Amino acid sequence: MEYYNKVIESVGVRFLKGNNYKIEKPVSISDYHDTDNSLILLHRGNLKFGEEQEVVNEGEILFIPSGRKTAISFGSVGKKSDITNESFLDNKRKYLQTISFKEIKSLDEDCVSIVNFEAKVFDVVNFFNSLGIPSFVIRFNDRIATIIEDMVKENENQIPGKERVMKIHTELLVIEVVRHILKNRLFMEELSTNSTYFKDPRLIDLFNYIKKNIGGDLSNKVLAKVANVSEDYVGQYFKMLTGINPQDYIEYQRMEAAVELLRTSKKSIRDIGKEVGYKDTAYFCRRFKMMYGLPAGKMRRRESLINVQS
């Protein structure tokens, strides 16, 4: 139990966005995903996910870890014709219409609440993504459903203390999701094997160094000096504790930093690429599209549009 307390204490959270939606037009998406963790609470109607199109019942919550792709169907989809996640995001208002919490309680139509949040270990590692767990349904948990509803209601209002209240709600939400996983003994192997970064302070030093020097030299030679291990061993050491090799992890963190800059700055794509460690803009753009499924410029426009809609 002490180990899991340490895990929870080490995870920093941040609320990103939350809205209620009416399913304006049923849609099936073949590769639904987001750069952030998503919780989808089904109030009314039909929601299915995964290759087997597992059913989410009304009052239940679908949890999609950041970066995880899954097939998903909003509403009663007739003759199945999947669209891509990119196409869905480009035409989101065609399928999902933002509504108030008051409206959602009076509607007879299909409707959901969606909350997106960040959960990072030591503000560096995406916690749920790092566990390697798939999307799953949170069943029979009214407490999490109530927290999601409270978050969306609070987010609708522009009142003093809103940001602090949202942070408290998000902290509570992440704790309750972890408790749900532990109580129902879900993904216990993943929790025990993929959370080994809590056991070796040298790995934390590496995480922090990578974060602070994301645009600089992060070769294995440099990492070996930080961790005080040999250059030949540092890759094996990192992979043994995290499940991935250090250069793959570094690229993921660079792309995460690029996404944050796209969201929060007006810097050019070229400057963003350089800032996160890519001297070749064309190469940065290719890698970005390969990782997220859409060009960096298109993600910036999409994020801007989502922020306006929210």
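Use the structure listed above.
Everything numeric here is computed off the predicted structure, so don't read it as measured data.

Caption draft 1: Examining the sheet that holds strand E2 (residues 27-32) more closely. Ordered in space as E2-E7-E4-E5, the 4 strands form an open sheet in which the pairing is antiparallel. With partners counted over all chains shown, the strands left at the sheet margins are E2 and strand E5 (54-56), one partner each. Averaged over all neighbouring strand pairs, the angle between strand axes comes to 20 degrees, with direction disregarded.

Caption draft 2: Spotlight on the packing of aromatic side chains. Within this structure, the stated rule accounts for 18 aromatic pairs. Both rings, one in Tyr32 and one in Phe74, keep their centres 6.0 Å apart while their planes meet at 70 degrees; by these two values the pair is edge-to-face. Linking Tyr32 in strand E2 with Phe74 in strand E7 (residues 70-74), this pair joins segments that are 42 residues apart in sequence. In this structure Tyr32 comes out as buried when scored by relative accessible area, which is 8%. According to the relative accessible area criterion, Phe74 is buried, its value standing at 0%. Between Tyr233 and Tyr237, the ring centres sit 6.0 Å apart and the planes meet at 45 degrees, which makes this aromatic pair tilted. Separated by 4 residues within a single helix, Tyr233 and Tyr237 lie in helix H11 (residues 231-242), roughly one turn from each other. Overall, Tyr233 belongs to the partly exposed group, its relative accessible area being 30%. In this structure Tyr237 comes out as buried when scored by relative accessible area, which is 1%. An aromatic cluster of three or more residues is present, and its members are Phe63, Phe117, Phe127, Phe128, Phe136 and Phe187.

Caption draft 3: Quick peek at helix H1 (residues 2-10). Turning to H1, its buried residues are Tyr4, Val7 and Ser10. Looking straight down H1, one finds that the buried residues subtend no more than 125 degrees of arc, so they occupy a single side. With respect to the buried face of H1, the exposed residues turned more than 90 degrees away are Glu2 and Glu9.

Caption draft 4: Representation of the side chain of Glu176. By the secondary structure assignment, Glu176 is in helix H7 (residues 162-183). On the basis of relative accessibility, which here comes to 8%, the residue Glu176 falls in the buried class. Of the polar contacts made by the side chain of Glu176, one reaches the side chain of Arg179; its length is 3.2 Å. Aside from chain neighbours lying at most four places away, what touches Glu176 is Arg143, Ile144 and Ile147.

Caption draft 5: Representation of the nonpolar core within the structure. Core analysis: the biggest nonpolar cluster contains 54 residues, and Leu39, Phe127, Phe128, Ile148 and Leu173 have the highest contact counts within it. It is H7 that provides the largest number of residues to this core, a total of 7 residues. If we skip the residues at most four places from it in the chain, Phe128 touches Asn37, Phe63, Pro65, Phe117, Ala119, Ile133, Val174, Val177, Val178 and Ile181. Core analysis: the second largest hydrophobic core is formed by 22 residues, Tyr21, Ile23, Ile40 and Val137 among them.

Caption draft 6: Geometry of the packing of helix H6 (residues 142-156) against H7. Following both chains from N to C, one finds H6 and H7 inclined at 160 degrees, their axes separated by 10 Å at the closest point. Judged on the interaxial angle alone, H7 and H6 are roughly antiparallel. Seen along the crossing, H6 lies across H7 with a hand that is left-handed. Only Lys162, Val165, Met166, His169, Thr170, Leu172, Leu173, Glu176, Val177 and His180 of H7 make contact with H6, whose side of the interface consists of Arg143, Ile144, Ile147, Ile148, Asp150, Met151, Glu154 and Asn155. Residue composition of the contact of H6 with H7, grouped by class: 9 nonpolar, 4 polar and 5 charged.

Caption draft 7: The arrangement of the environment of Lys274 in detail. Looking at where Lys274 falls in the secondary structure, it is placed in helix H13 (residues 269-275). Using a relative accessible area of 44% as the deciding quantity, one classes Lys274 as partly exposed. Between the alpha carbons of Lys274 and Gly215 there is a distance of 7.0 Å; along the sequence they are 59 residues apart. The residues touching Lys274, leaving out its near neighbours within four places in the chain, are Gly215 and Lys279.

What counts, and at which threshold
- Residues numbered from 1 in each chain as written.
- Predicted model: local features only at pLDDT ≥ 70, side-chain atom pairs only at ≥ 80, totals over all residues.
- Heavy atoms only, no water.
- Pairing = 2+ DSSP bridges.
- Helix = DSSP H or I, 4+ residues; strand = E, 2+ residues; numbered from the N terminus.
- Axes fitted to C-alpha atoms, helices over the stretch in contact; angles between N-to-C directions.
- Phe/Tyr/Trp six-rings, centres within 6.5 Å; stacked < 30°, edge-to-face > 60°.
- Buried < 20%, exposed > 50% of the residue type's maximum accessible area, 1.4 Å probe, protein only.
- Arc of directions from axis to C-beta.
- Polar contact = N/O pair within 3.5 Å; in protein donor to acceptor, adjacent residues only side chain to side chain.
- Contact = heavy atoms within 4.5 Å.
- Core = buried A, V, L, I, M, F, W, Y, C linked by side-chain atoms within 4.5 Å.
- Parallel < 35°, antiparallel > 145°, perpendicular 65-115°, else oblique.
- Left-handed = near helix turned anticlockwise from the far one by under 90°.
- Nonpolar A, V, L, I, M, F, W, Y, C, P; charged D, E, K, R; others polar.

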